[in-house]
Amino acid sequence: MRIDHMRIKNYRVFRDISFKDLTAFTTLVGPNGSGKSTVFDAFAFLYEAFTVGLRTAWDKRNRIDAIRSRGSKGPVEFELKYRVDVDGKKRQTTYQIAIDEEAGQPVVQSEILRWTTAKRQGRPQHILEFTRGSGRIYNEQTKEYEEEILDSSDLLAVSALGQMQRHSRVKALRNFIQGWYLSYLTADNTRTTPVSRPEPRLSQTGDNLANVVQYLQENHPHTLKQVFEVLGKRVPQLESILPKLLEDGRLLLRLKDRPFDDPVLDRFTSNGALKLLAYLAMLHDPTPPAVIGIEEPENQLHPSLVPPLAEDIHELSGRSQVFVTTHSREFLSAVTPKELWTISRNDDGYAQVHRVSEDHRVMAMLQEGASLSELWAEGYLRSADPRTA
């Protein structure tokens, strides 16, 4: 599954924006404060609502006064469009949810899931319709609606009913959103000494890097060898990275430089080397998540390491849908105009988004031999430049 379209309404600086015809690889650029991180927070909000609960995600963001766009009224709304296999065919599927607040508690005003149920192209059929905790779900076999009442109006119907095997399409959306992965890596977080246990996936902050290396060493040694080979080419002085089990059961990464006999502890290794290792471990995940978000991957990396990392991330989009925010012009070497979106703020303070491939002037200059990096440096991606946005 892949997101084709995402609309965000009344969520912080996004009064009403849409990302249409999304590609497998999407890069967002814009000035500080333009709303790039808010896109990721919208993904995080939905992910948390489906995993730890809507009320927790709502309270974490200081409820309606901090979540709803300033000066706006009405609910916070999200719309996702994606394609799912039905009878061997890809069919357009739409999920819509509107959330408001009453007495300090979030309330799901409406929640709709619809797709085409006929074998031939037909009008979208509402499969799930809920309002304030009660509604109905469509049974494709019996072609009848089943009435359902949830325990509370702050529960998501897709999340609750998606736990039932008989609602396979609803379950597919629930599992899809719960599988999203957002990366907020920092080198400092990778310098932890976690309890020894193999873990297949890097955490959002990277604080289980040693566990992931342990997992690859025990279960996918060939993949770990590939990680080391790539890392060795980009940081030539590094020879190996191995997890060491301490007497108290914790795990410590030790990195060995080629000129020296003894390895050093990860806390004495450069930020860039550790962060690059963490990214490579994530990018070589044998079973990557369906949707991955990476915020400013260039941070703490030497500029020469950014283009090959961008190529690696772009290659990952062949297996996952990837969203990236960046301030790096070097990163754009791996990005096409259709994959690049700019974000800026209007005079009213709300954000607007534009796809670069829809800018005829930029496309004409690209056809004449210019690069996206050069055009950004020269201010032609106007809404992406703080001097002209």
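Data block above holds the structure.
Residues numbered from 1 in each chain as written. Predicted model: local features only at pLDDT ≥ 70, side-chain atom pairs only at ≥ 80, totals over all residues. Heavy atoms only, no water.

Student: Can you help me understand the pairing of strand β14 (residues 291–295) in this one?
Tutor: Consecutive side chains along a regular strand alternate between the two faces of the sheet. Taking burial as the measure, the five residues of β14 include five buried ones, the bulk of the element. Of the two faces of β14, the one holding V291, G293 and E295 and the one holding I292 and I294 are both buried throughout. Pairing of strand β10 (residues 181–183) with β14 involves three bridges; the strand directions are parallel. The partner of L182 across the bridge, within β14, is G293. Each parallel crossover has a hand, and the one from β14 via helix α10 (residues 306–316) to strand β15 (residues 321–325) is right-handed. (Buried < 20%, exposed > 50% of the residue type's maximum accessible area, 1.4 Å probe, protein only. Helix = DSSP H or I, 4+ residues; strand = E, 2+ residues; numbered from the N terminus. Pairing = 2+ DSSP bridges. Right-handed = clockwise from strand over helix to strand, strands pointing away.)

Student: Help me understand the packing of aromatic side chains in this model?
Tutor: Aromatic ring pairs are described here by two measures, namely the spacing of the ring centres and the angle between the planes. This model, assessed by the stated rule, comprises twelve aromatic pairs. Between F19 and W341, the ring centres sit 5.0 Å apart and the planes meet at 65°, which makes this aromatic pair edge-to-face. Highlighted residues: F19 in strand β2 (residues 14–19) and W341 in strand β16 (residues 340–345), separated in sequence by 322 residues. Taking the relative accessible area as the measure of exposure, W341 reaches 5% and is therefore buried. Centre to centre, the rings of F25 and F331 are 6.4 Å apart; their planes meet at 35°, and the pair counts as tilted. Of this pair, F25 sits in strand β3 (residues 25–29) while F331 sits in the loop between β15 and β16, and the two are 306 residues apart along the sequence. The class of F331 is buried, set by a relative accessible area of 1%. An aromatic cluster is defined as three or more aromatic residues linked by ring pairs; in this entry it consists of F43, Y82, F176, W180 and F323. One Lys or Arg, R136, reaches over the ring of Y145 and ends 3.7 Å from the middle of that ring. (Phe/Tyr/Trp six-rings, centres within 6.5 Å; stacked < 30°, edge-to-face > 60°. Lys NZ or Arg CZ within 6 Å of the ring centre and 35° of its normal.)

Student: Explain the packing of helix α9 (residues 271–283) against α10 to me, please; I cannot follow it from the model alone.
Tutor: Two measures define how a pair of helices packs: the angle their axes make with one another and the distance between the axes. Orientation of α9 relative to α10, taken along the N-to-C sense of each, is 20°, at an axis distance of 10 Å. In terms of orientation, α9 lies roughly parallel with respect to α10. Seen from above, α9 lies across α10 with left-handed handedness. Across the interface between the two elements, L276, Y279, L280 and L283 from α9 touch L309, D312, I313 and L316 from α10. Considering only residue class, the contact of α9 with α10 consists of seven nonpolar, no polar and one charged. (Axes fitted to C-alpha atoms, helices over the stretch in contact; angles between N-to-C directions. Parallel < 35°, antiparallel > 145°, perpendicular 65-115°, else oblique. Left-handed = near helix turned anticlockwise from the far one by under 90°. Contact = heavy atoms within 4.5 Å. Nonpolar A, V, L, I, M, F, W, Y, C, P; charged D, E, K, R; others polar.)

These figures capture arrangement, not role.
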